[in-house]
Amino acid sequence: MKEITSEIQQHLEQKILPFWMQLKDEQHGGFYGGVDYHLEIDQQADKGGIATARFLWTFSAAYRVTGKEEYLEHAHHLYHFLRDKLYDQEYLGIYWLVDYQGQPKDTRKHVYAQSFAIYALSEYYRVTKTEEALVLANEIYHLIEEKGYDQENRAYGEEFDQFWNPVSNEMLSENGVVAEITMNTHIHVLEAYTNLYKANPTDALKQRILDLLEVHYEKIYNPNTKFLSVFFDKQWNSLVNMKSFGHDIEASWLMDETIKTIGLSDKRYDQMVLDIAYNIAEYAMQADGSLINEQVDDHYDETRIWWVQAEAMVGYLNAFEHTQDPKFKQLIENLWSYIKKHIVDNRENGEWYWSIEPDGKPAERAIGEPWKTSYHNSRFCLEFIERVKQS
């Protein structure tokens, strides 16, 4: 594993991070919001709240793990843009989208986006001890709890307007439904709260995390199928017969990270984490080493999406650490070979393709945009570097 990790660290520092660092907008702040398939940078593309938060997390974490000052400089730059341009000082919370100059463009507030702001701000605080960043992270945390949490249903809401009135969840719904509750938002609230706990552990936050873990186990995870349900109505009834393989393997290690962070001992959750990893390995991994995207009813989407491969790398590393099962080591080796051969964009100044189509060709989609940033593949690299160093 050390040999692969050395290669992964080199890939992170020589391929992934330099690609995103070239997007630093010295004039208007943040990072340029678009890079098309042909690697042309659009300096006037809109800048996303989620994207900016993910960039801030990336460069904060990269500095924490590697100690390289250039990453910290980019984190400072991104923090100032998030604080000054993406945060709604009057009505609170992170905007969905601003224009290239930082003017509000889509002022909707989504709990998913707020979660990533917490995730990023808490990571930035961990490496800088900037109290202002921690205050802002806690402000958003309390905002989610006040405006976005339905205590009766034990569920987080999804989409709100600028003034925090609930609106239809257009941003995180798909497959012909508009979901009032999503697995995606809940796993990323858990992810954010876990990182906030690392930065600033409190009893109240720990209790919210414990409750959210229980919700994942009781409402989202199906112990019979060992899959997570994806979209729900307000009463937690599943709306679509859907399996999202990338989200499942990502959730397995994120939940385990939460368990470790709060020092929880619960055999139910430990079993869930490993059952998910084994299940995805058996059900959705392909002979070429890759992980396909999802299944809806009897239809399989066999697209190989960039972030799905990245999260599977961490999910299988996490499972290997728990079990020492050589199966997971082999899965990691096969998947890394697939990523290098197909997902990595080997054009000059390229990064990772959005996806590989079932015919084996890269999808001609943007390489950088509000949903495709440095977060998933940088994090997979950083997780390997940290975990293998500690082993």
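Model, not experiment: these values are computed from the prediction.

With respect to the overall build of the protein
Scanning the protein from terminus to terminus reveals 12 helices and 18 strands. Counting only C-alpha atoms, the protein reaches 55 × 50 × 40 Å along its principal axes. Here the protein, with 391 residues, has 61% of them falling under the buried criterion. Taking as baseline every contact in the protein between residues at least 6 positions apart, the subset at least 24 positions apart corresponds to 67%. In the structure as shown, the protein presents an accessible area of about 15500 Å², 43% of it carried by carbon and sulfur atoms. For the protein, the distance from the average position of its 38 positive side-chain charges to the average position of its 64 negative side-chain charges is 4 Å.

Details of helix H6 (residues 183-199)
For H6, with 17 residues, the first-to-last C-alpha span of 25 Å sits near the 24 Å given by 1.5 Å per residue. Burial analysis of H6 places 16 of its 17 residues in the buried class, the great majority of the element.

Focus on the sheet that holds strand S3 (residues 47-48)
On the basis of which strands lie adjacent, the open sheet formed by three strands has the order S3-S4-S5 and antiparallel pairing. Every other strand in the sheet has two partners, leaving S3 and strand S5 (104-106) as the edge strands with one partner each. Looking at chain direction, S3 and strand S4 (residues 97-98) are connected through two bridges and run antiparallel. By the bridge assignment, Lys-47 is partnered in S4 with Val-98.

Examining the packing of aromatic side chains
As enumerated under the stated definition, the model contains 33 aromatic pairs in all. Where Trp-352 meets Phe-380, the ring centres are 6.1 Å apart and the plane angle is 50 degrees; that geometry is what we call tilted. Separated by 28 residues along the polypeptide, Trp-352 in the loop between helix H11 (326-343) and strand S18 (355-356) and Phe-380 in helix H12 (residues 375-390) bring together distant segments of the chain. Like Phe-380, Trp-352 is buried. Each residue in the set Trp-57, Trp-96, Tyr-112, Phe-116, Tyr-119, Trp-371 and Tyr-375 is aromatic and connected to the rest through ring pairs, giving one cluster. Sitting over the ring of Tyr-149, Arg-208 keeps its end group 4.3 Å from the ring centre. A cation over a ring is seen here: Arg-347 above Tyr-37, with NZ or CZ 4.7 Å from the ring centre.

What about the sheet that holds strand S16 (residues 299-301)?
With antiparallel pairing, the three strands of this open sheet are ordered in space as S14-S15-S16. Among the strands making up the open sheet, the edge pair consists of strand S14 (242-244) and S16. The mean inter-strand angle of the sheet, taken between neighbouring strand axes irrespective of direction, is 15 degrees. Seen against the sheet, helix H8 (residues 245-261) touches S14, strand S15 (294-296) and S16 and runs at an angle of roughly 55 degrees to S14.

Brief notes about the packing of helix H1 (residues 2-21) against H11
Between H1 and H11, the least distance of the axes is 12 Å, while the angle of their chain directions is 30 degrees. Put simply, H1 runs roughly parallel to H11. Judged by the twist between their axes, the crossing of H1 over H11 is left-handed. Taking contact as the criterion, the partners of Ile-4, Glu-7, Ile-8 and His-11 in H1 are, on H11, Ile-332, Glu-333, Trp-336 and Lys-340. Classifying every residue of the contact of H1 with H11 gives four nonpolar, one polar and three charged.

Here is what the cut-offs are and how they apply
- Residues numbered from 1 in each chain as written.
- Predicted model: local features only at pLDDT ≥ 70, side-chain atom pairs only at ≥ 80, totals over all residues.
- Heavy atoms only, no water.
- Helix = DSSP H or I, 4+ residues; strand = E, 2+ residues; numbered from the N terminus.
- Buried < 20%, exposed > 50% of the residue type's maximum accessible area, 1.4 Å probe, protein only.
- Contact = heavy atoms within 4.5 Å.
- Areas by Shrake-Rupley, 256 points an atom, 1.4 Å probe, with all protein chains shown as cover.
- Lys, Arg positive; Asp, Glu negative; His and termini not counted.
- Charge placed at Lys NZ, Arg CZ, Asp CG, Glu CD.
- Expected span 1.5 Å × (residues − 1).
- Pairing = 2+ DSSP bridges.
- Phe/Tyr/Trp six-rings, centres within 6.5 Å; stacked < 30°, edge-to-face > 60°.
- Lys NZ or Arg CZ within 6 Å of the ring centre and 35° of its normal.
- Axes fitted to C-alpha atoms, helices over the stretch in contact; angles between N-to-C directions.
- Parallel < 35°, antiparallel > 145°, perpendicular 65-115°, else oblique.
- Left-handed = near helix turned anticlockwise from the far one by under 90°.
- Nonpolar A, V, L, I, M, F, W, Y, C, P; charged D, E, K, R; others polar.

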